[in-house]
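Close look at the chain arrangement
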Amino acid sequence: MKPLPLILASSSPRRLTLLKQIGIVPDQVVSPDIDETPVRDELPRRYAQRMARAKAAAIASADHLVLAADTVVAAGRRILPKADSAEQVRACLTLLSGRRHRVMTAIVLMRPPAAQPVPDITRQRTERLVESIVTFNRLTEAQIEAYVATREGEGKAGGYAINGQAAGFVRFLSGSHSAVVGLPLFETAQLLRGVGWHLP
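To start, this report covers the structure provided alongside it. What you see is a predicted model; the values in this text were computed from it and never measured. (Residues numbered from 1 in each chain as written. Predicted model: local features only at pLDDT ≥ 70, side-chain atom pairs only at ≥ 80, totals over all residues. Heavy atoms only, no water.)

Digging into the layout of surface pockets
Taken as a whole, the largest pocket holds about 350 Å³ of empty space. Around the largest pocket sit 25 residues that line it, and Arg-14, Arg-15, Lys-82, Gly-155 and Ala-157 are the ones nearest its centre. Elements represented by at least two residues in the lining of the largest pocket include exactly helix H1 (13–21), strand E3 (65–75) and helix H6 (177–181). (1 Å grid on protein atoms, 1.4 Å probe; cavity = no way out; pocket = protein on both sides within 12 Å on 5 of 7 lines; lining within 4 Å. Points joined across faces, edges and corners; volume = space filled by probe spheres on them. Helix = DSSP H or I, 4+ residues; strand = E, 2+ residues; numbered from the N terminus.)

In structure tokens:
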């Protein structure tokens, strides 16, 4: 049986590149339009899960699988922003300098209602959450300013891209490197295998 075609619900080119790394080319890539504002006192884990579910639901299709993900960088219970300016990148790096933080990536695979005997959103949806620990070396002001100048951290959760120049800041990582980049590949492959995709 041929597997259902796949939509990647994401505006992140990094997620598309990661999927291609394991031989997955989505049939479509659609950027979901959702409100990504955390609710008051929302914990990072719940926020990541809520965002991934909302992205998948926004693109839900009657005849495609939909894969969505959300990555959150957290310092303690604090959700760091997707930095939208040099000032936010600088603030995030200053906060993360010399300390351990968590990176949580939630993934959701949504199946079409027709693929289920009884339409039920919880049965349509399969999900995983991968948590990784990252520790930055203590950064000098010059290092921070040099990184800010690259503009690489803008638009990234926590103000940095671990698959870019910020890799030189990482003293320790425990967990999934691909999840920190934006998509945990092992868990994604497992979900797709579960719905009939033939992967190595």
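Having seen the model, we can carry on.
Topic: the pattern of salt bridges
Scanning all chains against the criterion turns up eleven salt bridges. Residue Arg-50 pairs with Glu-42 through a salt bridge whose shortest N-O separation is 2.7 Å. Taking the relative accessible area as the measure of exposure, Arg-50 reaches 28% and is therefore partly exposed. By relative accessible area, Glu-42 is classed as buried at 12%. A salt bridge links Glu-145 to Arg-90, with the shortest nitrogen-to-oxygen separation between them at 2.7 Å. In this pair, Glu-145 is assigned in helix H5 (residues 141–150) and Arg-90 in helix H3 (residues 86–96), connecting sequence segments 55 residues apart. A relative accessible area of 27% means that Arg-90 is categorised as partly exposed. Here the residues in one salt-bridge network are Glu-36, Lys-55, Asp-70 and Lys-82, joined through shared partners. (Salt bridge = Lys/Arg side-chain N within 4 Å of Asp/Glu carboxyl O. Buried < 20%, exposed > 50% of the residue type's maximum accessible area, 1.4 Å probe, protein only.)

Comments concerning H5
Turning to H5, its buried residues are Ile-144, Tyr-147 and Val-148. In an axial view of H5, the angular spread of the buried residues amounts to 105°, which keeps them on one side of the axis. Facing away from the buried side of H5 by over 90 degrees, the exposed positions are Ala-142 and Ala-149. Looking at the buried positions of H5, the neighbouring elements they touch are H3. (Arc of directions from axis to C-beta. Contact = heavy atoms within 4.5 Å.)

Details of the packing of H3 against H5
Where H3 meets H5, the closest approach of the two axes is 10 Å, and the angle between their N-to-C directions is 145°. In this structure, the crossing between H3 and H5 has a hand that is right-handed. Between H3 and H5, the contacting residues are Ala-86, Val-89, Arg-90, Leu-93 and Thr-94 on the first element and Ile-144, Glu-145, Tyr-147 and Val-148 on the second. (Axes fitted to C-alpha atoms, helices over the stretch in contact; angles between N-to-C directions. Left-handed = near helix turned anticlockwise from the far one by under 90°.)

Some thoughts on the pairing of strand E6 (residues 125–136)
Pairing between strand E5 (residues 100–110) and E6: eleven bridges, direction antiparallel. Within E6, the position partnered with Leu-109 by the bridge is Thr-126. Summarising the sheet, E6 and strand E7 (residues 170–174) pair through four bridges and their orientation is antiparallel. Residue pairing in the sheet places Ile-133 in a bridge with Ser-174 of E7. (Pairing = 2+ DSSP bridges.)

With respect to the side chain of His-64
Mapped onto the secondary structure, His-64 falls in the loop between helix H2 (44–58) and E3. By relative accessible area, His-64 is classed as buried at 13%. Once residues within four sequence positions are removed from consideration, His-64 is found in contact with Pro-5, Leu-6, Ile-7, Gln-28, Met-110 and Pro-112.

Some remarks on the nonpolar core
Across soluble globular proteins, nonpolar side chains show a tendency to be buried alongside one another. Within the largest apolar cluster, 40 residues are counted, with the highest numbers of intra-cluster contacts made by Leu-6, Leu-93, Phe-136, Tyr-147, Tyr-160 and Leu-192. Looking at this core, the element that brings in the most residues is E3, giving five residues. Leaving out residues up to four positions away in the same chain, Phe-136 has contacts with Leu-93, Leu-96, Gly-98, Arg-99, His-101, Tyr-160, Phe-169, Val-170 and Arg-171. Within the second largest apolar cluster, 15 residues are counted, among which are Ala-52, Ile-59, Ala-106 and Val-108. (Core = buried A, V, L, I, M, F, W, Y, C linked by side-chain atoms within 4.5 Å.)

Section: the pairing of E3
In terms of burial, E3 is largely enclosed, as eleven of its eleven residues are buried. Burial of the side chains of E3 extends over both faces: Leu-65, Leu-67, Ala-69, Thr-71, Val-73 and Ala-75 are buried on one face and Val-66, Ala-68, Asp-70, Val-72 and Ala-74 on the other. Here nine bridges tie E3 to E5, and the two strands are oriented antiparallel to one another. Bridge pairing links Val-73 to Val-103 in E5. Sheet topology places E3 next to strand E4 (residues 78–79); two bridges connect them, and they run antiparallel.

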